[in-house]
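Listed below, chain by chain, are the residues.
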Amino acid sequence: GAEGGEEEEEGLVPEAVESILEQLLSGLRDSDTVVRWSSAKGIGRITNRLPLELADDVVGGAVDLLAPDEQASAWHGGCLALAELARRGLLLPARLPEVLPRVVSALHYDVPRGTTSVGTHVRDAACYVCWAFARAFDAAVMAPHVAQLAQSLLVVVTFDREVNVRRAASAAFQENVGRQGSFPHGIEIVTRADYFALGSRPNAYLRVAPFLASLEEYRPMLLRHLLEVKSRHWDESVRLLAAQAAARAAPLAPEWTVEVMLPALCKRALSLDLKERTGAVHMAAEVLLALCRARHAGSGAALPPELRKAISGVVPAVEKARLYRGRGGEAMRGAVCRMLEVCAAVRMPCGPKAALRSLASLDDSIKHPTEQISLAAVAALRQLSRAYFSESGGSTGGGSAGGSTGGGSRAAGSGQ
């Protein structure tokens, strides 16, 4: 009798409802935000009154929108629909292993378009989904997924470019901490990464992120994100902030920094992508300086020989590839000046010929019409002079290198 009742109940769903649901699912792809939002609301309300099997089919249709070949509007609509369905208890726990990886991808959705990118609204909607998960599922259901969700949310909390997305991720994290209770260091993080602390991007990168990196559960994810994503971000200000954030977090994982991070950044210095190579040189310089000060008493000579060789070869390789020319040459020149300044500040072992070559490189940059580059060159020259061209200088032999300073500089100048 029960089976007959279920069949009868399924038979009561009019065909018109299925066609309406199809229209609403296609509305999730619409180019207009209002249409997508209204479609998501409609899907949630109608699905709430459908039999279980048909409701699960609707959930599957929303999940399918979060696919690599879909447009940003489809990702946004899919996230809104999933949040509405989860909020009403229509997203079954059995679906979580399939849904959560796609929601994590949506949290980091950022597609470059020319000098900007598309994806802010997708990331914001993905935070809404995470907030809805906290309200929809018991702690026992969410327990296997807590680590992945917490790490992904905190990357957005600290490193997202947009303030509204950082705050949305913080609200989702706070909701999960309050309702799930199993997020590592949850209360401690919620008090540090609050609404006001995340209002400033530099504060999020330079104060909140180092605090999170001090917690072992979150450190690897944050450092990998800085290395793989933010070091090549399309916005130059974000790349520079990421370099400073990496400098504050990387010394907490010295072995990984020496074996993985710095070698990878040195290799990227010759990348064909301007954003990637300038970001790599800036981050390598900042991380090198911070690591040497924190772990090696400010001396680069204590680093492994292979790493020293890779770092010392960055500037000559950039100049040999003539990366100062053409589009982006100015940005590359500024990054190289900072690298030379840091190498001198940590007293990287350097022979007289290499020191004079660095001096000649700075001579070109000092004369550059862009003030920012000339100032960076002056700062590098100051460190270079102290390290390699003074009586108390580094490994170049003090007096002999100092005696040739004027000649080297004049020679470089006369060749202009």
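Residues numbered from 1 in each chain as written. Predicted model: local features only at pLDDT ≥ 70, side-chain atom pairs only at ≥ 80, totals over all residues. Heavy atoms only, no water.

Colleague: How would you summarise the overall build of the chain if you had to cite specific residues and measurements?
Modeller: Each helix and strand counted, the chain has 23 helices and two strands in total. In terms of overall dimensions, the chain has C-alpha extents of about 100 × 40 × 35 Å along its principal axes. Pairs at least 24 apart in sequence give 70% of the contacts found in the chain among residues at least 6 apart. As displayed, the chain offers around 19,000 Å² of accessible surface, 52% of which is attributable to carbon and sulfur atoms. A gap of 15 Å separates the mean positions of the 46 positive and 45 negative side-chain charges of the chain. (Helix = DSSP H or I, 4+ residues; strand = E, 2+ residues; numbered from the N terminus. Contact = heavy atoms within 4.5 Å. Areas by Shrake-Rupley, 256 points an atom, 1.4 Å probe, with all protein chains shown as cover. Lys, Arg positive; Asp, Glu negative; His and termini not counted. Charge placed at Lys NZ, Arg CZ, Asp CG, Glu CD.)

Colleague: Describe the pattern of salt bridges, listing the residues and the values that go with them.
Modeller: Tallying each qualifying case throughout the model produces 19 salt bridges. For Glu-98, the salt bridge is made with Arg-95, and the minimal N-O distance between the two is 2.9 Å. Residue classification places Glu-98 among the partly exposed positions, given a relative accessible area of 33%. Under the relative-accessibility criterion, Arg-95 is labelled buried at 15%. Measuring nitrogen to oxygen at the nearest pair gives 3.6 Å for the salt bridge that ties Asp-110 to Arg-123. Taken as a pair, Asp-110 in the loop between helix H6 (96-107) and strand S1 (111-113) and Arg-123 in helix H7 (residues 120-136) lie far apart in primary sequence, 13 residues in all. Because the salt bridges share partners, they merge into one network encompassing Lys-41, Glu-84, Arg-87 and Arg-88. (Salt bridge = Lys/Arg side-chain N within 4 Å of Asp/Glu carboxyl O. Buried < 20%, exposed > 50% of the residue type's maximum accessible area, 1.4 Å probe, protein only.)

Colleague: So, helix H5 (residues 72-87): which residues are in play, and what are the values?
Modeller: Look at H5: 23 Å from first C-alpha to last across 16 residues, which is about the 22 Å you get at 1.5 Å a residue. Among the 16 residues that make up H5, 15 are buried, leaving the element largely enclosed by the rest of the structure. Count one or two residues on from H5 and you reach Gly-89, which has phi positive near 75°. (Expected span 1.5 Å × (residues − 1).)

Colleague: Give me the lowdown on the packing of aromatic side chains, citing residues and values where you can.
Modeller: A complete count under the given rule lists seven aromatic pairs for this structure. Ring centres of Trp-37 and Tyr-128 lie 6.2 Å apart, and the angle between their planes is 55°; this geometry places the pair in the tilted category. Separated by 91 residues along the polypeptide, Trp-37 in helix H3 (residues 33-47) and Tyr-128 in helix H7 bring together distant segments of the chain. Here Tyr-128 falls in the buried class, since its relative accessible area comes to 19%. An aromatic cluster is built from Trp-37, Tyr-128 and Trp-131, whose rings are joined through pairwise contacts. Directly above the ring of Phe-211 sits Arg-192, whose terminal nitrogen or CZ lies 4.2 Å from the centroid. (Phe/Tyr/Trp six-rings, centres within 6.5 Å; stacked < 30°, edge-to-face > 60°. Lys NZ or Arg CZ within 6 Å of the ring centre and 35° of its normal.)

Colleague: Tell me what's going on with the packing of helix H12 (residues 201-213) against helix H14 (residues 236-249), and back it up with residues and numbers.
Modeller: Here H12 crosses H14 at 25°, and the two axes come no closer than 9 Å. Taken together, the axes of H12 and H14 lie roughly parallel to each other. Handedness of the crossing formed by H12 with H14: right-handed. Seen from H12, the contacting residues are Arg-201, Pro-202, Tyr-205, Leu-206, Pro-210 and Ala-213; seen from H14, they are Ser-237, Val-238, Leu-241, Ala-242, Gln-244, Ala-245, Arg-248 and Ala-249. (Axes fitted to C-alpha atoms, helices over the stretch in contact; angles between N-to-C directions. Parallel < 35°, antiparallel > 145°, perpendicular 65-115°, else oblique. Left-handed = near helix turned anticlockwise from the far one by under 90°.)

Colleague: Report on helix H4 (residues 52-63), specifying residues and quantitative values.
Modeller: Given a rise of 1.5 Å per residue, 12 residues ought to cover 16 Å, and the 17 Å separating the end C-alpha atoms of H4 matches this to within 8%. Against helix H2 (15-27), H3, H5 and H6 lie the buried residues of H4.

Colleague: So what's going on with the side chain of Arg-277? Residues and values would help.
Modeller: Here Arg-277 lies in helix H16 (residues 274-295). An unpaired buried charge is present at Arg-277: no salt bridge exists, and Asp-273, the closest side chain of opposite charge, is 6.6 Å distant. Every residue in contact with Arg-277, bar those within four places of it in the chain, is listed here: Arg-268, Ala-269, Ser-271, Leu-272, Leu-323, Arg-327 and Met-332.

Colleague: Tell me what's going on with the nonpolar core, and back it up with residues and numbers.
Modeller: Grouped together as the largest cluster of nonpolar side chains are 133 residues, with contacts concentrated most on Leu-82, Phe-133, Phe-173, Ile-189, Met-283, Ile-311 and Tyr-388. In this structure Ile-189 touches Leu-154, Phe-173, Pro-184, Phe-211, Leu-212, Leu-215 and Tyr-218, once residues within four positions along its chain are discounted. (Core = buried A, V, L, I, M, F, W, Y, C linked by side-chain atoms within 4.5 Å.)

Colleague: So what's going on with the packing of H2 against H3? Which residues, and what values?
Modeller: One can describe the packing of H2 onto H3 by two numbers: an axis separation of 8 Å at closest approach and a directional angle of 145°. Seen along the crossing, H2 lies across H3 with a hand that is left-handed. Contacts between H2 and H3 involve Val-17, Ile-20, Leu-21, Leu-24, Leu-25 and Gly-27 from the first element and Val-35, Arg-36, Ser-39, Gly-42, Ile-43, Ile-46 and Thr-47 from the second. By residue class, the composition of the contact of H2 with H3 is eight nonpolar, four polar and one charged. (Nonpolar A, V, L, I, M, F, W, Y, C, P; charged D, E, K, R; others polar.)

Colleague: Residue-level account of the environment of Trp-75, with values.
Modeller: Secondary-structure assignment places Trp-75 in helix H5. Relative accessible area serves as the criterion here: at 6%, Trp-75 is assigned to the buried category. Here the alpha-carbon distance between Trp-75 and Ala-321, two residues 246 residues apart in the chain, equals 40 Å. Filtering out sequence-adjacent residues up to four positions away, Trp-75 remains in contact with Leu-65, Leu-66, Ala-67, Pro-68, Glu-70, Arg-102, Ser-105, Ala-106, Tyr-109 and Val-122.

Colleague: I'd like to hear about the confidence of the model for the chain, residue by residue, with values.
Modeller: Confidence in the prediction of the chain, expressed as mean pLDDT, is 88, and 91% of residues score 70 or more. Here residues 1-10 is a poorly scored stretch, pLDDT under 50, and it has two contacts once near neighbours within four places are set aside; other chains count. (pLDDT = per-residue confidence, 0-100.)

Colleague: Now, about a negative patch on the surface: what can you tell me, with residues and values included?
Modeller: Side chains of Glu-15, Glu-18, Glu-22, Glu-53 and Asp-57 sit close together on the surface and give a patch of like negative charge. Secondary-structure elements contributing two or more residues to the negative patch are H2 and H4. For Glu-15, the location among the structural elements is in helix H2. Given the relative accessible area of 71%, Glu-15 is considered exposed. (Patch = residues over 30% accessible without salt bridge, like charges linked within 9 Å, V, L, I, M, F, W, Y side chains within 5 Å.)

Colleague: Can you tell me about the state of the cysteines, naming the residues and giving the values?
Modeller: For the structure shown, the criterion picks out zero disulfides. This cysteine, Cys-266, is not joined by any disulfide, and Cys-343 carries the nearest cysteine sulfur, 8.8 Å off. Distance from the sulfur of Cys-337, which forms no disulfide, to the nearest cysteine sulfur (Cys-343) is 12 Å. Residue Cys-337 is classed as buried on the basis of its relative accessible area of 2%. (Disulfide = S-S within 2.5 Å.)

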